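Structure assessment
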Amino acid sequence: MKILFLTNIPSPYRVKFFNELGKKCDLTVLYERKQAENRDKSWNNYCACNYKEIFLKGKIVGEEGAICVEVLRYLKKRKYTHIIICGYGTPTSKLAILWLKIHYIPFIMNVDGGLIKEEKRIKYMVKRFFIQSAVLWFSTGEKTTEFLVHYGADKKRCYKYLFSSFMKGEILDKVVSEEEKLVLKENLHIKEKKMVLSVGQFIYRKGFDILLRIAKDFPENTATVIIGGEPTKEYLSIVEKYKLKHIYFIGFKEKEELAKYYMAADVFVFPTREDIWGLVINEAMSYGLPVIVSKQCVAGAELIESGRCGYQITLENQRLLLEKTKELLLDNRLRRKMAEESLKKIKNYSIENMAEDYIKILTDYIK
């Protein structure tokens, strides 16, 4: 099986996935650019071991896209069993889809997630044109499939795969004990006994301002740790306004260092205003954390069953967000039970299983 995969950048989880998929097929990956404008440079430390990577020549567009006419040279070769386009959002992916459609060449679309929003008719029709042009769709779950069908995909041809950024061996076997968490906190120079963690880019969409506003009412001796960048003026003004004393803003961390914070934490809170997936939810669950997440996060909708391994909360109800966070911080038994449920839920969401899903779907499609 020979596969051509077009995507924008070599993000770490995708490289891991391509290396795993490349063990099972002859894989060539076309990248539009080497890295995104809004990512730490060390985010791109990777090794393409089991597949052929090609960086297309073109003009950078936006934070993560590019226009690469060179993509047509590879599409014209027609030597691949499958052509997979990752999304439809960049100029290069749109160009590739348009060319394939004009030449009646079937292709598959991979979509990590999606949220249906109110939009102008013309924008809806453009999205519909590109999405419905595929012959098969890889979907991360029910919410993503709803999104795809909304834009013209055939529901019968939307196949779920287990979207992940973790290898099997990276998912914890058991929940970290309270004693171990205290030691980890001490090693990380966090003096509080309890810790609320959130991870992501320091941008408005992630909702860290919401987390800071409710942090003023957290139980005493609770640290709020936000990892991913330099605090904005807005974040600092909130800290000053409410005289917050237990806030830790921490810059980008490599995966090995970030793991220590996940394992030291007691609760993971992600009040994002919008995430078409949100791999930090996978990560938090892989480290055995109960998760509180907004309903505008597709990973939350797919992975978090409220009351089982965490809670889904509407951002309009910030009082409930606070109540559920306090509940988990104060109730040790409930927190551990939900942490154990997180590990049970996430154990199959590995990159190995993700690659297996791809091969099975593609094999069945050929039949």
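This text goes with the structure placed above it.
Structure report, in brief. (Residues numbered from 1 in each chain as written. Predicted model: local features only at pLDDT ≥ 70, side-chain atom pairs only at ≥ 80, totals over all residues. Heavy atoms only, no water.)

Side note on the overall build of the chain
Counting secondary structure elements, the chain contains 14 helices and 15 strands. By the compact-globule yardstick of 21 Å for 367 residues, the chain fits well, its C-alpha radius of gyration being 21 Å. Judged by the C-alpha coordinates and their principal axes, the chain covers about 65 × 40 × 35 Å. Within the chain, the proportion of its 367 residues that are buried is 55%. Taken as a whole, the chain presents about 17300 Å² of accessible surface, with 50% of it coming from carbon and sulfur. (Helix = DSSP H or I, 4+ residues; strand = E, 2+ residues; numbered from the N terminus. Rg over C-alpha atoms; globule rule 2.2 N^0.38 Å. Buried < 20%, exposed > 50% of the residue type's maximum accessible area, 1.4 Å probe, protein only. Areas by Shrake-Rupley, 256 points an atom, 1.4 Å probe, with all protein chains shown as cover.)

Things to note about helix α5 (residues 142–150)
For α5, the set of buried residues is Thr144, Thr145, Phe147 and Leu148. Buried residues of α5, seen end-on, are gathered within an arc of 155 degrees and therefore sit on one face of the element. Where α5 is buried, its residues touch α4 (121–131), β8 (136–139), β9 (158–160) and α11 (298–303). Following α5 by one or two positions, Gly152 adopts a phi angle in the positive range, close to 100 degrees. (Arc of directions from axis to C-beta. Contact = heavy atoms within 4.5 Å.)

Focus: the layout of surface pockets
Within this model, the second largest pocket holds a volume of roughly 200 Å³. Around the second largest pocket sit 14 residues that line it, and Ala215, Lys216, Leu244, Lys245 and His246 are the ones nearest its centre. For the lining of the second largest pocket, the class distribution of residues is six nonpolar, four polar and four charged. (1 Å grid on protein atoms, 1.4 Å probe; cavity = no way out; pocket = protein on both sides within 12 Å on 5 of 7 lines; lining within 4 Å. Points joined across faces, edges and corners; volume = space filled by probe spheres on them. Nonpolar A, V, L, I, M, F, W, Y, C, P; charged D, E, K, R; others polar.)

Observations concerning the sheet that holds β9
Taken in spatial order, the seven strands make up an open sheet running β3-β2-β1-β6-β7-β8-β9, and their pairing is parallel. Each end of this open sheet is capped by a strand with a single partner; those strands are β3 (52–55) and β9. Averaged over neighbouring strand pairs, the angle between their axes works out to 20 degrees when direction is ignored. Direction of pairing for strand β1 (residues 2–7) relative to strand β6 (residues 82–86): parallel, over a ladder of four bridges. Its bridge partner being in β6, Leu6 is matched across the sheet by Ile85. (Pairing = 2+ DSSP bridges. Axes fitted to C-alpha atoms, helices over the stretch in contact; angles between N-to-C directions.)

Examining a nonpolar patch on the surface
Judged by side-chain polarity, Val61, Ile67 and Val69 come together as a nonpolar surface patch covering roughly 210 Å² of accessible area. Mapped onto the fold, Ile67 is located in strand β5 (residues 65–67). (Patch = residues over 30% accessible without salt bridge, like charges linked within 9 Å, V, L, I, M, F, W, Y side chains within 5 Å. Salt bridge = Lys/Arg side-chain N within 4 Å of Asp/Glu carboxyl O.)

Quick word on the pattern of salt bridges
Tallied over the entire structure, the rule returns 27 salt bridges. For Glu257, the salt bridge is made with Lys260, and the minimal N-O distance between the two is 3.3 Å. Of this pair, Glu257 and Lys260 both sit in helix α9 (residues 255–264), three residues apart, roughly one helical turn. Accessibility expressed as a relative area gives 29% for Glu257, which makes it partly exposed. Within this structure, Glu178, Lys185, Lys194, Asp266 and Arg335 form a network of salt bridges that share partners.

Concerning the nonpolar core
Val225, Tyr262, Phe268 and Ile281 are the most contacted members of the largest nonpolar core, which has 70 residues in total. With seven residues, helix α14 (residues 351–366) is the largest single contributor of residues to this core. Ignoring sequence-local partners within four residues, the contact set of Ile281 consists of Phe268, Phe270, Val291, Val293, Cys297, Ala299, Leu303 and Ile304. Ranked by size, the runner-up nonpolar core spans 33 residues in total, among them Leu75, Met109, Ala134 and Ala153. (Core = buried A, V, L, I, M, F, W, Y, C linked by side-chain atoms within 4.5 Å.)

Considerations on the packing of aromatic side chains
Enumeration over the complete set of coordinates arrives at 24 aromatic pairs. Taking 6.1 Å as the distance between ring centres and 70 degrees as the angle between the ring planes, the aromatic pair formed by Phe202 and Phe249 counts as edge-to-face. A residue pair is termed long-range when its members are at least 10 positions apart, and Phe202 in the loop between β10 (194–199) and α7 (208–215) and Phe249 in strand β12 (residues 247–250) qualify at 47 residues. Given a relative accessible area of 23%, Phe249 falls into the partly exposed group. A network of ring pairs unites the aromatic residues Phe5, Tyr13, Phe17, Phe18, Tyr31, Tyr51, Phe55, Phe138, Tyr161, Phe163, Trp277 and Tyr358 as a single cluster. Just above the ring of Phe55 sits the side chain of Lys34; from NZ or CZ to the centre is 5.3 Å. Between the NZ or CZ atom of Lys94 and the centre of the ring of Phe130, over which it lies, the distance is 5.6 Å. (Phe/Tyr/Trp six-rings, centres within 6.5 Å; stacked < 30°, edge-to-face > 60°. Lys NZ or Arg CZ within 6 Å of the ring centre and 35° of its normal.)

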